[in-house]
Amino acid sequence: MSNVLAAGLGIALPFFSGAKPRTGRPAPSLNRSVAVLIACVALVGLQALLAAPLVPDIAQGLGASIADIGQALGAYGAMAALSALFLGPLADRFKRGQALVAGLIGLIGGLALCATAVNWIVFAAGQALMGAAAGVVLPTAYASAGDLAPAERRSAILGRVLLGWSVALILGVPLAGLLGQVIGWRGVFAGLGLPVLLALPVAFALPDPRTERGTGQGLMSRLGTAVRVPGVLPMLAVGFLNMTAFYGTYAYLGTAVRAALHGGSAVGAIPVLAYGTGFTITAFISPLIDRIGPRRVLPVAALALIGIFLTLPSVVGILPALVVVMVCFGFIQHLVLNSFIGLLSVRGGAQRGVVLALNTAGTYIGLMIGTASMGRVLDAVGFTPVTATSAALMAVAGGIALWDRRRA
């Protein structure tokens, strides 16, 4: 089965990687590596996002409230942040493939716990284990993209790796919503374990071009060195604010849509599909980010998200308008992600793995805060204050990005 997966990745390589040598012939080793990284990011993205259209069903099945499930999803973020801080830098000392396999095994264990949960506390434990795994897989995948990509094509290659999120959003999450009505939310969590298992051998074989794998510095010393790299802290701040805003709204968008349209989990998956479509479109124009410069793209894209967040409450009950807004949401969010992760990768240099681990920690602290706090806001006062809070966070992020651009 692992050979089948590897062959499937190979077929998709020209489409996903976009990496060709000067002769015009495909670059098989880089293409294969990018495809493996896409697969790993897709698996993490899917297990991180698939709960969104299923939140009401999970709450009903476990005899819990929406806010309780929000706390469980927050546990995912908390453990991902801790894992990225403490395991991410340590994983930098091993081969990239070894670190990816360790993380994927953790995903399998977390999925099993969620599928068999008897109450929301056990479900939260499964989410926490998956979060710990994601805190290793994501920074390893992003750092590996930086290791493998030529300097002049780093944004383009990173844009292809970020397509893993598109795979999760366009194929996985809507499918989870549909399957949730057929096999139940437990079956959805259990079923995801199979592709994760199949990914283990191809992830283990990922090439690693580094001549050094970490240093003898202690963990805190390595983290301190990374945050002192010029230009790293502003991008970490932008990443944290963006992720808090995104997850605070996204985690409950499906709930708001289902309430407005009086539909099931399949209806909640429609905006996810639209978002994923926009996200994918941006992936194919990511070489333009290299040409324009991510420092110029980032503040414009960050400020554009303010309008998206402020528009969402007025369109959740109008499906055609919601689809259009969500396509724009995905398009702009990918620009933001590609820009600040690309800047962190470039600025991190020899500290790339640790810097991107710090970014993953910030991402999941944002996820924890956004999902845990906004669930209670939604229960108390509705969806509009949730999106207004996200818009305010992006206003701060856009200001930081503008300052970073002007200081060059």
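A tally of helices and strands in the chain yields 18 helices and zero strands. When each of the 408 residues of the chain is scored for burial, the buried share is 59%. Considering only contacts within the chain whose residues lie at least 6 apart along the sequence, 86% involve residues at least 24 apart. By element, 69% of the accessible surface of the chain is carried by carbon and sulfur atoms, the whole surface being about 14,900 Å².

On the surface, Met-79, Leu-82, Phe-86 and Leu-87 cluster together into a nonpolar patch covering about 330 Å² of accessible area. One can find Met-79 in helix α4 (residues 66-86). According to the relative accessible area criterion, Met-79 is partly exposed, its value standing at 31%.

Per-residue pLDDT for the chain has a mean of 80; in total, 84% of the residues score no lower than 70. Ignoring residues within four places in sequence, the model shows residues 1-28, a span with pLDDT below 50, making 36 contacts including any to other chains.

What follows is about the nonpolar core. Grouped together as the largest cluster of nonpolar side chains are 123 residues, with contacts concentrated most on Tyr-142, Trp-165, Phe-189 and Tyr-364. By residue number, the principal contributor to this core is helix α12 (residues 232-261), which donates 15 residues. Apart from the residues within four sequence positions on either side, Phe-189 is in contact with Leu-50, Ala-51, Ile-58, Leu-111, Cys-114, Ala-115, Phe-123, Gln-127 and Met-130.

A separate point is the packing of α4 against helix α17 (residues 352-381). For the pair α4 and α17, interaxial distance at closest approach is 7 Å and the crossing angle is 170°. Taken together, α4 and α17 sit at an angle that is classed as roughly antiparallel. By crossing handedness, the relation of α4 to α17 is classed as left-handed. Looking at the contact of α4 with α17 residue by residue, the classes come out as 17 nonpolar, six polar and two charged.

Moving on, we get to the packing of aromatic side chains. The way to describe two aromatic rings as a pair is by their centre distance and the angle between their planes. All chains considered together, the criterion is met by eleven aromatic pairs. With a centroid separation of 5.1 Å and an interplanar angle of 15°, the aromatic rings of Phe-246 and Tyr-250 are classed as stacked. You can see Phe-246 and its partner Tyr-250 sitting in helix α12, four residues apart, about one turn around the helix. By relative accessible area, which is 6% here, Phe-246 ends up buried. What makes Tyr-250 buried here is its relative accessible area of 3%. One aromatic cluster in this structure is built from Phe-246, Tyr-247, Tyr-250, Tyr-275, Phe-279, Phe-309 and Phe-329.

Across the interface, helix α7 (residues 120-148) lies against α17 with an axial gap of 9 Å and an inter-helix angle of 140°. Taken together, the axes of α7 and α17 lie oblique to each other. In this structure, α7 crosses over α17, and the sense of that crossing is right-handed. Along its contact with α7, which presents Ala-134, Gly-135, Leu-138, Pro-139, Tyr-142, Ala-143, Gly-146 and Asp-147, the element α17 presents Arg-352, Gly-353, Leu-356, Ala-357, Thr-360 and Tyr-364. Counted by class, the contact of α7 with α17 contains eight nonpolar, four polar and two charged residues.

Turning our eyes to something else, we now look at the environment of Leu-175. Checked against the element boundaries, Leu-175 lands in helix α9 (residues 163-182). Given the relative accessible area of 46%, Leu-175 is considered partly exposed. Residues Leu-175 and Val-188, spaced 13 residues apart in sequence, show a C-alpha to C-alpha distance of 9.1 Å.

On to α7, then. The end-to-end C-alpha separation of α7 is 41 Å, in line with the 42 Å expected for 29 residues at 1.5 Å each. For α7, the principal kink sits at Ala-134 and spans about 25°. Buried residues dominate α7, accounting for 23 of its 29 residues. Here α7 starts with a cap whose side-chain oxygen sits 3.0 Å from the backbone nitrogen of Ile-121, and that cap is Asn-119.

Turning next to the side chain of Thr-249. The topology assignment puts Thr-249 in helix α12. Of the residues examined, Thr-249 reaches a relative accessible area of 0% and is grouped as buried. Among the polar contacts made by the side chain of Thr-249, one reaches the side chain of Ser-390 at a distance of 2.7 Å. The residues contacting Thr-249, other than those within four sequence positions of it, are Phe-309, Leu-312, Phe-383, Val-386, Thr-387 and Ser-390.

The residue Gln-98 is located in helix α6 (residues 96-115) in this model. Using a relative accessible area of 34% as the deciding quantity, one classes Gln-98 as partly exposed. In this structure the C-alpha to C-alpha distance between Gln-98 and Thr-140, which are 42 residues apart in sequence, comes to 9.9 Å.

Quick notes on the rules
Residues numbered from 1 in each chain as written. Predicted model: local features only at pLDDT ≥ 70, side-chain atom pairs only at ≥ 80, totals over all residues. Heavy atoms only, no water. Helix = DSSP H or I, 4+ residues; strand = E, 2+ residues; numbered from the N terminus. Buried < 20%, exposed > 50% of the residue type's maximum accessible area, 1.4 Å probe, protein only. Contact = heavy atoms within 4.5 Å. Areas by Shrake-Rupley, 256 points an atom, 1.4 Å probe, with all protein chains shown as cover. Patch = residues over 30% accessible without salt bridge, like charges linked within 9 Å, V, L, I, M, F, W, Y side chains within 5 Å. Salt bridge = Lys/Arg side-chain N within 4 Å of Asp/Glu carboxyl O. pLDDT = per-residue confidence, 0-100. Core = buried A, V, L, I, M, F, W, Y, C linked by side-chain atoms within 4.5 Å. Axes fitted to C-alpha atoms, helices over the stretch in contact; angles between N-to-C directions. Parallel < 35°, antiparallel > 145°, perpendicular 65-115°, else oblique. Left-handed = near helix turned anticlockwise from the far one by under 90°. Nonpolar A, V, L, I, M, F, W, Y, C, P; charged D, E, K, R; others polar. Phe/Tyr/Trp six-rings, centres within 6.5 Å; stacked < 30°, edge-to-face > 60°. Expected span 1.5 Å × (residues − 1). Bend = angle between axes of the 7 residues up to and from the residue. Polar contact = N/O pair within 3.5 Å; in protein donor to acceptor, adjacent residues only side chain to side chain.

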